[in-house]
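A look at the structure
In case you want the letters, here they are:
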Amino acid sequence: MKNTLALGVMTAALLMPAFSAQAENLDILMSQIFPQDQATYIGYESVEREDIPASSAIDRKYLIVDFRFESRQPPVEQLQASVHKVCMTLLKDRELIRQLSDSGYDMVAVAFDRRSQFDCL
């Protein structure tokens, strides 16, 4: 039991710098998508559904990148264009996508408010 715990702590310590670099890259990439007067990147949240078995085909671990519009939420067409812009920016960064996948993420979602999310992949 002690060996398993020690191995888990060592693995977490080794993976932490990789996750920090990945998060830093994500923060930089997301903060540069929109002009300051349009939408502001406020961060990301990692969500893991532990109630879903790891062997399930349902997405278990996903990332939410969160933005807020400077003024009120735009019309649906502009909102869809903003989601598309974020998703395409993520998809074009193949290294980041590979890192997210290697870290176990099944999906990335975009949020512009606390009520709704839009799935990218």
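Some thoughts on the pairing of strand β3 (residues 107-111)
Within β3, five of the five residues are buried, leaving the element largely enclosed by the surrounding structure. Judged by which residues are buried, β3 turns out to be covered on both faces: Met107, Ala109 and Ala111 on one side and Val108 and Val110 on the other are all buried. In this structure, β3 lies alongside strand β4 (residues 117-119), joined through three bridges in antiparallel fashion. Its bridge partner lying in β4, alanine 109 is registered against aspartate 119.

Some details on the layout of surface pockets
Summary: where empty space remains is shown by rolling a probe the size of a single water molecule over the atoms. Here the largest pocket is characterised by a volume of approximately 210 Å³. Lining the largest pocket are 13 residues, and of these Glu45, Ile64, Asp66, Arg68 and Ala111 lie nearest its centre. At the level of elements, β1 (39-48) and β2 (61-69) are the ones that each hand at least two residues to the lining of the largest pocket. If one sorts the elements of the lining of the largest pocket by residue count, β1 sits on top with four residues. Among the residues forming the lining of the largest pocket, the class breakdown is four nonpolar, three polar and six charged.

Focus on the side chain of serine 82
Along the polypeptide, serine 82 turns up in helix α2 (residues 76-92). Take serine 82: its relative accessible area is 4%, and that puts it in the buried class. The contact partners of serine 82, leaving out residues within four places of it in the chain, are Phe34, Phe69 and Phe112.

So, the state of the cysteines
In total, this model carries one disulfide according to the counting rule given. Covalent S-S linkage joins cysteine 87 and cysteine 120, the inter-sulfur distance amounting to 1.9 Å. Handedness here is read from the sign of the S-S torsion; for cysteine 87 and cysteine 120, about -80°, the answer is left-handed. With a gap of 33 residues between them, cysteine 87 in helix α2 and cysteine 120 in the segment after β4 connect regions that are remote in the sequence. We classify cysteine 87 as buried; its relative accessible area is 8%.

A word on the packing of α2 against helix α3 (residues 94-102)
Between α2 and α3, whose axes approach to 5 Å, the crossing angle comes to 85°. If you check the angle between α2 and α3, you find them roughly perpendicular. Contacts from Leu90, Leu91 and Lys92 in α2 reach Arg94, Leu96 and Ile97 in α3. In terms of residue class, the contact of α2 with α3 is made up of four nonpolar, no polar and two charged.

The rules we used
Residues numbered from 1 in each chain as written. Predicted model: local features only at pLDDT ≥ 70, side-chain atom pairs only at ≥ 80, totals over all residues. Heavy atoms only, no water. Buried < 20%, exposed > 50% of the residue type's maximum accessible area, 1.4 Å probe, protein only. Helix = DSSP H or I, 4+ residues; strand = E, 2+ residues; numbered from the N terminus. Pairing = 2+ DSSP bridges. 1 Å grid on protein atoms, 1.4 Å probe; cavity = no way out; pocket = protein on both sides within 12 Å on 5 of 7 lines; lining within 4 Å. Points joined across faces, edges and corners; volume = space filled by probe spheres on them. Nonpolar A, V, L, I, M, F, W, Y, C, P; charged D, E, K, R; others polar. Contact = heavy atoms within 4.5 Å. Disulfide = S-S within 2.5 Å. Axes fitted to C-alpha atoms, helices over the stretch in contact; angles between N-to-C directions. Parallel < 35°, antiparallel > 145°, perpendicular 65-115°, else oblique.

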